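Fold and contact review
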Amino acid sequence: MAKTSTEKAATASTPEYPLTKMAIIAPIVGWLIPGAGHIIQKRYVRGILLMVSVVAMFLIGLGMNGRVYGPNGGDILEMLGFVGDLGSGALYFLARIMGWGQAAAAHATADYGKTFVIVAGLLNFIAAADAHHIALGKKP
Amino acid sequence: MTFTLSHFSAAVLFALFASVVFGITQRNTTMEQIRYGLYCFALFVGGVFAAGWVMWLLRR
């Protein structure tokens, strides 16, 4: 049977995946503490694996003398590096407070270290988006 | 603490952690996640070997 105009309007105004409080909180928590967005939704194994992966990449990057970018680099590439680094959330702020990742590059793999730190942040952005999708009900 | 990794071990670690995150975030069921994670890891490491052979050929 065809829907009436009132039913069509009601269907159009109701989103398929309504925005819940968890859908706002989970990505923020997941960004600040890698993997925590999944853990607070009881996806413990996924959360711990994400946490280990992002934290390990960040720490290995720092261990390889990787640079941690500041917000006011001036150069466009440094700004992009800052955006990537910022993805690690609390790890980034901790690194800035403690002055980690400021040493001069002493060997060739320091460039890899910088890449590890940036990619750790970018992967954490993906993990935070995934936590948002789980909270919305788009993903089991 | 500072440590030095070889280029290959750095690439393998990068592939491992990136594959774990890709597997978890890009697929829905556990089996699909494991399969996709392994697929990504194989592509990363395979890409390292392929690039290595290309560089070897260019150098000759």
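No experiment lies behind these values; they were computed from the predicted model shown. (Residues numbered from 1 in each chain as written. Chains lettered and ligands numbered in written order. Predicted model: local features only at pLDDT ≥ 70, side-chain atom pairs only at ≥ 80, totals over all residues. Heavy atoms only, no water.)

**Regarding the overall build of chain B**
- A count of helices and strands for chain B gives two helices and zero strands.
- Radius of gyration (C-alpha) of chain B: 14 Å, far over the 10 Å computed for a compact globule of 60 residues.
- Counting only C-alpha atoms and orienting by the principal axes, one finds that chain B spans roughly 45 × 35 × 10 Å.
- Counting every atom, chain B has about 4200 Å² of accessible surface; 71% of that belongs to carbon and sulfur. (Helix = DSSP H or I, 4+ residues; strand = E, 2+ residues; numbered from the N terminus. Rg over C-alpha atoms; globule rule 2.2 N^0.38 Å. Areas by Shrake-Rupley, 256 points an atom, 1.4 Å probe, with all protein chains shown as cover.)

**What to know about the overall build of chain A**
- Scanning chain A from N- to C-terminus turns up seven helices and zero strands.
- Helices and strands appear in chain A in the N-to-C order α-α-α-α-α-α-α.
- In terms of overall dimensions, chain A is more spread out than a globule: its C-alpha atoms have a radius of gyration of 20 Å, far above the 14 Å expected for 140 residues.
- Residues classed as buried in chain A amount to 41% of the 140 residues present.
- Across chain A, the fraction of contacts at a sequence separation of at least 24, relative to all contacts at a separation of at least 6, is 71%. (Buried < 20%, exposed > 50% of the residue type's maximum accessible area, 1.4 Å probe, protein only. Contact = heavy atoms within 4.5 Å.)

**Things to note about the confidence of the model for chain A**
- Averaged over chain A, the pLDDT score is 90; the fraction of residues at 70 or greater is 90%.
- The least confident element of chain A is helix H1 (residues 5-13) of chain A, whose mean pLDDT is 62; the most confident is helix H3 (residues 36-39) of chain A, at 98. (pLDDT = per-residue confidence, 0-100.)

**Re the environment of Phe 116 of chain A**
- Turning to its location among the elements, Phe 116 of chain A is positioned in helix H7 (residues 110-136).
- Its relative accessible area of 3% is what places Phe 116 of chain A among the buried residues.
- Sequence-wise, Phe 116 of chain A and Gly 66 of chain A are 50 residues apart; in three dimensions their C-alpha atoms are separated by 7.6 Å.
- With sequence-adjacent residues up to four places away left out, Phe 116 of chain A is seen in contact with Met 57, Ile 60 and Gly 61 of chain A together with Ala 10, Leu 13 and Phe 14 of chain B.

**Structural notes on the interface of chain B and chain A**
- Contact residues are listed per partner, giving 20 residues for chain B and 22 residues for chain A.
- Of all residues in chain B, Phe 14, Phe 17 and Ile 24 of chain B bury the most surface against chain A, accounting for 29% of the area lost on that side.
- Taken together, the connections running from chain B to chain A amount to zero salt bridges.
- In this assembly, chain B and chain A are joined by four residue pairs in polar contact (both at pLDDT 80 or more).
- With twelve residues, the top contributor of residues to the side of chain B that touches chain A is helix H1 (residues 7-26) of chain B.
- Taken together, the residues that form the side of chain B that touches chain A break down as twelve nonpolar, seven polar and one charged. (Buried area = accessible area lost by both parts, 1.4 Å probe. Salt bridge = Lys/Arg side-chain N within 4 Å of Asp/Glu carboxyl O. Polar contact = N/O pair within 3.5 Å; in protein donor to acceptor, adjacent residues only side chain to side chain. Nonpolar A, V, L, I, M, F, W, Y, C, P; charged D, E, K, R; others polar.)

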